[in-house]
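Given next are the chains, with one letter for each unit.
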Amino acid sequence: MGNNRDNWPKRIIDSHLHIYDDEFPLIENQGHIPEPFYIDDYRNLTRGLPIEGGVIVSGSFQGFEQRYLKAALENLGDNFVGVTQLPGSVSDEKIQQLNKHGICGVRVNLKRGVHRDIEGIVEFGKRIWDLAGWHLEIYVDSRELDDMVPTLLKLPKLSVDHLGMAKSGLSQVRRLAEGGVKIKASGFGRTEVNVADAITTLYKTNPDALMFGTDLPGTRSNRSFEPSDITTIVNALESADGGADAVDKVFYQNAREFYNLP
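Residues numbered from 1 in each chain as written. Predicted model: local features only at pLDDT ≥ 70, side-chain atom pairs only at ≥ 80, totals over all residues. Heavy atoms only, no water.

### Focus: the overall build of the protein
So, step 1. Looking only at helices and strands, the protein features 9 helices and 8 strands.
So, step 2. Taking 262 residues into account, the globule formula puts the C-alpha radius of gyration at 18 Å, and the protein, at 17 Å, falls close to it.
So, step 3. Going through the 262 residues of the protein one by one, you find that 57% of them count as buried.
So, step 4. Sequence-distant contacts in the protein: of pairs separated by 6 or more residues, those separated by 24 or more amount to 73%. (Helix = DSSP H or I, 4+ residues; strand = E, 2+ residues; numbered from the N terminus. Rg over C-alpha atoms; globule rule 2.2 N^0.38 Å. Buried < 20%, exposed > 50% of the residue type's maximum accessible area, 1.4 Å probe, protein only. Contact = heavy atoms within 4.5 Å.)

In structure tokens, the structure reads:
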């Protein structure tokens, strides 16, 4: 961690991390099963960073498994929340029960071909919002967003993973940010986006939109999180004339408000 940290964030909420605990079932996805990644692994890799909370996101390998997420959230404490995966047929009672365990949203995986019914996704997003104040999180190649943007903007609360993945889809991600959607500055090893340009553009579009995430352990990406990623974001925010206030918003405030963290 040899970066100059003078202008680094003083506090961080990691809005995107995964825990792969093989004590619980893992499901093969497109021929792949991840190596285990435990809470202690996460803590070791982020030691020295001022992380004050975070968001555990269910991956495609975990299907609709909830036990691992409940256990991880109980271990990490009140400053961490969960985003899970659920079928549209899930009962109201199940959603309300999961809400009591610190789960606050549902991830919809468009990138891995798990979901395609956009109208149905929006109806589901409205339902979980009305029931528990939950949001939807979408993992999508932003090149596929052209026809989706007007429909997705009907959602009461939405976030998009990894800067939308595709460089050519940045204009669609920008339209979402303009509409109040949160965009995760995460997964730099899996996105085609020019990260610095995207950060500058999206911050200028909506200072409340961006939320930092490590995406650890970075399974199936070209590389996992590196401390230099923080420097990249900080420098891009300075290019957007954001300064220290911008750094605190992107690394802490925006996520704290979105996830209702203490």
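From this point, things continue past the structure.
### Re the environment of Ile 56
So, step 1. Inspection of the secondary structure puts Ile 56 in strand β2 (residues 51–57).
So, step 2. Ile 56 sits in the buried class, given a relative accessible area of 0%.
So, step 3. In sequence terms Ile 56 and Asp 14 are 42 residues apart; their C-alpha atoms lie 8.8 Å from each other.

### Comments concerning the pairing of strand β4 (residues 103–109)
So, step 1. The element β4 is largely enclosed, with a buried count of 7 among its 7 residues.
So, step 2. As for the winding sense of the linkage, the β-α-β connection from strand β3 (residues 80–84) through helix α3 (residues 92–99) to β4 is right-handed.
So, step 3. Relative to strand β5 (residues 135–139), β4 runs parallel, the two being bridged by 5 bridges. Note that in β5 the partner of Gly 105 across the bridge is His 135. (Right-handed = clockwise from strand over helix to strand, strands pointing away. Pairing = 2+ DSSP bridges.)

### Re the pattern of salt bridges
So, step 1. Evaluated as defined, the whole model comprises 11 salt bridges.
So, step 2. With a closest N to O distance of 2.9 Å, Glu 65 and Arg 67 form a salt bridge.
So, step 3. Its relative accessible area of 13% is what places Glu 65 among the buried residues.
So, step 4. Judged by its relative accessible area of 48%, Arg 67 falls in the partly exposed class.
So, step 5. Between Arg 107 and Asp 161 there is a salt bridge, with its nearest N and O atoms 2.7 Å apart. Remark: Asp 161 occurs in the loop between β6 (158–160) and α6 (170–178) and Arg 107 occurs in strand β4; sequence separation between them is 54 residues.
So, step 6. Within this structure, Arg 107, Glu 137, Asp 161 and Lys 184 form a network of salt bridges that share partners. (Salt bridge = Lys/Arg side-chain N within 4 Å of Asp/Glu carboxyl O.)

### Considering the packing of aromatic side chains
So, step 1. In total, this model carries 4 aromatic pairs according to the counting rule given.
So, step 2. Note on Phe 212 and Phe 251: the rings are 4.9 Å apart at their centroids and 40° apart in plane angle, and the pair reads as tilted. Residue Phe 212 is found in strand β8 (residues 210–212), and its partner Phe 251 is found in helix α9 (residues 243–258); the two are separated by 39 residues along the sequence.
So, step 3. Classification of Phe 251 as buried rests on a relative accessible area of 0%.
So, step 4. Of the aromatic side chains, those joined through ring pairs into one cluster are Phe 212, Phe 225 and Phe 251.
So, step 5. One Lys or Arg, Lys 157, reaches over the ring of Phe 258 and ends 4.7 Å from the middle of that ring. (Phe/Tyr/Trp six-rings, centres within 6.5 Å; stacked < 30°, edge-to-face > 60°. Lys NZ or Arg CZ within 6 Å of the ring centre and 35° of its normal.)

### Brief notes about the sheet that holds β5
Through backbone hydrogen bonds, the strands of a sheet pair up, either in parallel or in antiparallel fashion.
So, step 1. Taken in spatial order, the 8 strands line up as β1-β2-β3-β4-β5-β6-β7-β8 in an open sheet, and their pairing is parallel. This sheet does not close on itself; its edge strands, each paired only once, are β1 (12–17) and β8. Averaged over all pairs of adjacent strands, the angle between strand axes in this sheet comes to 25°, irrespective of strand direction.
So, step 2. On the sheet, α9 packs against β1, β2, β5, β6, β7 (182–185) and β8 and is oriented at approximately 105° with respect to β8. (Axes fitted to C-alpha atoms, helices over the stretch in contact; angles between N-to-C directions.)

### Section: the side chain of His 135
So, step 1. Within the secondary structure, His 135 sits in strand β5.
So, step 2. A polar side-chain atom of His 135 sits 3.1 Å from the main-chain carbonyl oxygen of Cys 104.
So, step 3. For His 135, the contacting residues outside a window of four places in its chain are Val 83, Cys 104, Gly 105, Val 106, Ile 128, Lys 157, Leu 158, Ser 159, Phe 258 and Tyr 259. (Polar contact = N/O pair within 3.5 Å; in protein donor to acceptor, adjacent residues only side chain to side chain.)

It is worth stressing that arrangement in space is one thing and function is another; only the former is reported here.
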